[in-house]
Amino acid sequence: MGKRHNCFPKGVIISFDLTSPLRALFPCSIIIEKFGEETWEKLRTQAEVQDTFMTYTVYDDVITLKLIQEACKILNVSEDVVLKLLGEYFFTFCKMSGYDRMLQTLGGNLTEFIENLDALHSYLALSYQEMNAPSFRVEKRTDGTMLLHYYSDRRGLCHIVPGIIESVARDFFNSEVTMEILTQNEEKERTGKKEHVIFLVLQKAKRPKRKTKKTTNPENSICAFESLPLIPHVCLFFAGNLSHTFDPVYPERLWVEERTFCNAFPFHIVFDEELRIKQAGVNIQKFVPGLRQPGSRVDKYFTVVHPQVTFTIFSIRTFINSQFVLRAHREMLPDSWRNQPMLKLRGQMIWMESIQCMMYLCSPKLRSLEELEEQKMHISDIAQHDTTRDLILLNQLRLAEIELSNQLERKKEELRILSKNLEAEKKKTETLLYAMLPKHVANLLKEGKKVEAGEFNSCTILFSDIVTFTNICSACEPIQIVNMLNSMYSKFDRLTSVHNVYKVETIGDAYMVVGGVPVPIASHAKRVANFALGMRTAAREVMNPVTGEPIQIRVGIHTGPVLAGVVGEKMPRYCLFGDTVNTASRMESHGLPNKIHLSPTAFRALQNQGFEIVERGEIEVKGKGKMTTYILRQNLYATENEIMGRAEKSPKKKTSKNAIIYIIMAKYRVCVCVCVAANEDFSFQILATWK
């Protein structure tokens, strides 16, 4: 999903309840867009949900509710505010995905828009069979206000509706709307435990700036994202603009024969207030033979699937603007058809006041050619003027597109996971490479560039080794030597990070570091000296496997110029060259156990730097002749914890009873009389002392 959470294909479900599968995607997308990826990761971790969501996958409502609850905690806002934001963002997403034109065509005003939402959901259900959309019903009142009845199988999500409807009114119909919840309870008109929320919708049209033809540019129509406080007010409901106003002409009699009508509308039923069937289309009689019996009740052969109302004239008239889906009773079908999927009809209820009858104009509810075959139907069974014929064929292509999109999205997710794993492995490789070579050198080698050797006019080199290492090796098992060296080198490696010096290499028991290379720095001698003091302390924590006592090391330090560069191709190493390396090695080999041996140039570099240094005297150095060398003892201004990179422990202050009494006396010196009234024994002692 690009950024994997907030970019979705355009073939998504637009259901005004955040119905599955998208309902889990939008908390993710809105948090990333508004508050960033880190906030989303924190929210996702606390909610204990997966890190990605597939567009066409159905997720449990529990995931949505978890995300919303954790978002409330992290963002410190109420659940109502989060849900309303979610509704506003959902509408913005629909427009960005190219659905603004389709949504605008639902109605010329807000009332018509809401009344046709159920029809939109019914159409979308052809492609998304598991879709469980809400239902809306508009009730106009005499004072010009409007009541919106919202029915949903999901509890606790009703506050999404104001965010969506207010954004629609503002963007499509240029009017401001406020919505208040009047009642919220279980729906009594529908079967099962459903939520029924009644909103009071108060709408006021904005005054147009110019009296010109209005043009809509979807790209410039971006709804407000921030939630604004609602100020309740009462105003008249704006009915919207009518494109055409005319007076229709009706004939004195209907010029249609009964047989022609039943053939032209092969799927229709007319029934009276008692639900007794008066007439039915020819093809619906073919698939439900019992309808041919005069006086049969329609509820004997069908049940109402949507909206989930009781099968009465009153309930049907209440939801007259909704699309009705009826399902045939299995036991009322011929025996040969009882093993096949039940026939479903989708259509419109029309109340005929003059004859007190209801007409149900419908078509078979079919999603694909496969379902058409399962019902043992043919395209010819559907009237030529019925768009269901086209929908079946078009939806067949649509279902194929969805399957391809699912496959693409699954592959995309697999690639994202592989890319994530590859990135993790890449980091491991880089970490290993940076441990072998300086970072800027390693980066040049990765880019295939040649690393030129560089001269450094001043740096400080340190060598160390273990005293009597040869004797230890001859008296121990190889694994003991490995464990000892690993323990010691691990402690030394940590200190290189503490003092920002570069580890050049280790050979056997020899350990070599340099300061001022590969990145020149003026304090290189001071850093290496502090590192040497830390080495000496760390070595005391490593035990000699022969004696069981701490090992002893020798350390030698020298300051001078070097040449540095990468040597080799198969196993390239960053090496130092020059007499400075040789002299530093001589300082180590001529050093003393547990002593830090300094050359004259290293001594001069550390003068007046806060170190205690004593002169060792003149000694004979192999290949160098006589040299006056020095011993580094300690850093006068740094504690051992600072040298070792450990956190300082704050000392506990202990105060004697006498000191406490003295403090109290000093503090309350001018209040001795008050103290007497409060505590006689203690106060008399204070008075006696101060007298």
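All values derive from a computational prediction rather than experimental measurement.

Rules and cut-offs
- Counting restarts for each chain, with residues numbered from 1 along the sequence as it is written.
- With the structure being a predicted model, the display of local features is reserved for residues of pLDDT at least 70 and the display and counting of side-chain atom pairs for 80 or more, all residues being used for whole-chain, interface and lining totals.
- The side-chain numbers reported here are obtained from all heavy atoms of the structure, hydrogens and water having been left aside.
- Helix and strand definitions follow DSSP, with helices as H or I runs of at least four residues and strands as E runs of at least two, each counted in order from the N terminus.
- Note on geometry: axes are lines fitted to C-alpha atoms, helical ones only across the stretch in contact, with angles between N-to-C directions running from 0 to 180 degrees.
- Roughly parallel covers angles under 35 degrees, roughly antiparallel covers those over 145, roughly perpendicular covers 65 to 115, and oblique covers all other angles.
- Crossings are sorted by hand: turned counterclockwise from the far helix by less than a right angle, the near helix makes the crossing left-handed, and turned clockwise it makes it right-handed.
- Whether two residues are in contact is decided by their heavy atoms: any pair within 4.5 Å suffices.
- Three categories are distinguished: nonpolar for Ala, Val, Leu, Ile, Met, Phe, Trp, Tyr, Cys and Pro, charged for Asp, Glu, Lys and Arg, and polar for the others, with Gly belonging to the last.
- A pair of strands is labelled paired if DSSP reports no fewer than 2 bridges between them.
- Each Phe, Tyr or Trp ring (for Trp, its six-membered ring) is paired with any other whose centre lies within 6.5 Å, and the angle between the two planes then decides the class: stacked below 30 degrees, edge-to-face above 60, tilted in between.
- Per-residue accessibility, obtained with a 1.4 Å probe over protein chains only, is compared with the maximum for each type, and a residue is labelled buried under 20%, exposed over 50%, and partly exposed between these values.
- We define a salt bridge as a side-chain nitrogen of Lys or Arg found within 4 Å of a carboxyl oxygen belonging to Asp or Glu.
- Here, nonpolar core refers to any group of buried Ala, Val, Leu, Ile, Met, Phe, Trp, Tyr and Cys residues whose side-chain atoms link them within 4.5 Å.
- Every helix has an expected span of 1.5 Å times one less than the residues it contains.
- Confidence scores per residue from the predictor, reported as pLDDT, run from 0 to 100.

Engineer: When you look at the environment of F91 in this model, what are you seeing that I'm missing?
Structural biologist: Within the element layout of this structure, F91 appears in helix α4 (residues 79–96). For the pair formed by F91 and D171, sequence separation is 80 residues and the distance between their alpha carbons is 9.9 Å.

Engineer: I keep staring at the packing of helix α2 (residues 37–47) against helix α3 (residues 61–75) and nothing clicks. Help me out?
Structural biologist: When two helices pack together, their arrangement is given by the angle between the helix axes and by the axis-to-axis distance. Look at α2 against α3: their axes get within 9 Å of each other, and the N-to-C directions meet at 120 degrees. In this view, α2 runs oblique relative to α3, as classed from their interaxial angle. You can see that α2 and α3 cross each other, and the crossing is right-handed. Listed contacts from α3 to T39, W40, K42, L43, Q46 and A47 of α2 are K66, L67, E70, A71 and I74. Class assignment of the residues belonging to the contact of α2 with α3 gives a composition of six nonpolar, two polar and three charged.

Engineer: Would you mind showing me how to read the sheet that holds strand β9 (residues 344–352) here?
Structural biologist: Adjacent strands of a sheet form backbone hydrogen bonds with each other and so pair up, either parallel or antiparallel. A sheet is described by the order of its strands in space; here six strands give the open sequence β6-β5-β10-β9-β8-β7, paired in antiparallel fashion. On the outer flanks of this sheet lie β6 (277–280) and β7 (302–306), each paired with one strand and no other. For this sheet, the mean inter-axis angle between neighbouring strands, taken without regard to orientation, is 30 degrees. Pairing between strand β5 (residues 268–272) and strand β10 (residues 357–364): five bridges, direction antiparallel. Residue I269 lies in a different strand from β10, and its bridge partner there is Y360.

Engineer: Please explain the pairing of β6 as it appears in this structure.
Structural biologist: Regular strands place side chains that alternate from one sheet face to the opposite one. Across three bridges, the pairing between β5 and β6 is antiparallel. Note that in β6 the partner of F271 across the bridge is I277. As consecutive antiparallel partners, β5 and β6 are separated by four residues, and within that stretch L275 has a phi angle of approximately 65 degrees, a positive value.

Engineer: How should the packing of aromatic side chains be read in this particular structure?
Structural biologist: What the rule picks out here adds up to 15 aromatic pairs. Ring centres of F172 and F173 lie 6.3 Å apart, and the angle between their planes is 90 degrees; on these two criteria the pair is classed as edge-to-face. Like F172, the residue F173 is buried in the burial classification. Summarising the aromatic geometry, the rings of F261 and F265 are spaced 4.8 Å apart at their centres and angled 40 degrees between planes, so their arrangement reads as tilted. We classify F261 as buried; its relative accessible area is 18%.

Engineer: Can you walk me through the pattern of salt bridges in this structure?
Structural biologist: Proximity of charged atoms lets side chains of opposite charge pair with each other. Scanning all chains against the criterion turns up 22 salt bridges. Two residues, R410 and E403, come together in a salt bridge whose shortest N-O distance is 3.6 Å. For E612, the salt bridge goes to R633, with nearest N and O atoms at 3.4 Å. On the criterion of sequence distance, the pair formed by E612 in strand β17 (residues 611–621) and R633 in strand β18 (residues 625–635) is long-range, its members being 21 residues apart. The partly exposed category is assigned to E612, whose relative accessible area is 24%. Residue R633 is classed as partly exposed on the basis of its relative accessible area, which comes to 43%. Counted as one network, the salt bridges with shared partners bring together K491, R540, E541, E640 and R646.

Engineer: Please explain the nonpolar core as it appears in this structure.
Structural biologist: Nonpolar side chains in soluble globular proteins tend to end up buried together. In terms of nonpolar packing, the biggest core is built from 45 residues, with L110, F113, I114 and L148 touching the most fellow members. Per-element tally for this core: the top contributor is helix α8 (residues 160–172), with seven residues. The residues touching L110, leaving out its near neighbours within four places in the chain, are M146, I165, V168, A169, F173, V177, V201 and Q203. L495, A532, V542 and I551 belong to the second largest nonpolar core, which has 40 residues in total.

Engineer: Just checking my understanding: could you explain the environment of G290 for this structure?
Structural biologist: Here G290 shows up in the loop between α10 (282–287) and β7. Under the relative-accessibility criterion, G290 is labelled buried at 10%. Separated by 43 residues in sequence, G290 and L333 place their C-alpha atoms 8.0 Å apart.

Engineer: Would you mind showing me how to read α4 here?
Structural biologist: Counting along an α-helix, one turn takes 3.6 residues, and residues three or four places apart therefore face a common direction. For α4, with 18 residues, the first-to-last C-alpha span of 25 Å sits near the 26 Å given by 1.5 Å per residue. Counting buried positions along α4 yields 14 of 18 residues, so the element is predominantly enclosed. Among the residues trailing α4, G98 stands out with phi positive, at a value near 95 degrees.

Engineer: Is there a simple way to think about unusual backbone geometry in this case?
Structural biologist: Leaving glycine out, the prevailing phi sign among residues is negative, and the prevailing peptide bond configuration is trans. Going from H306 to P307, the amide bond is cis rather than trans, its omega being -10 degrees. Structurally, P307 is set in the loop between β7 and α11 (313–318). A cis amide bond, omega 5 degrees, links V517 with the succeeding residue P518. Summarising the element assignment, P518 is placed in the loop between β13 (510–515) and α17 (524–539). Look at K376: it is not a glycine, yet its phi comes out positive at around 55 degrees. Structurally, K376 can be placed in the loop between α12 (369–374) and α13 (388–436). Looking at K376, the relative accessible area reads 48%, which means it is partly exposed.

Engineer: What's the story with the confidence of the model for the chain in this structure? I'm lost.
Structural biologist: The predicted coordinates should not be examined in detail at positions where pLDDT is low. Of the residues in the chain, 79% reach a pLDDT of 70 or more, and the chain-wide mean stands at 79. Confidence drops under pLDDT 50 across residues 652–691; counting only partners more than four residues distant or on other chains, this segment forms 13 contacts.

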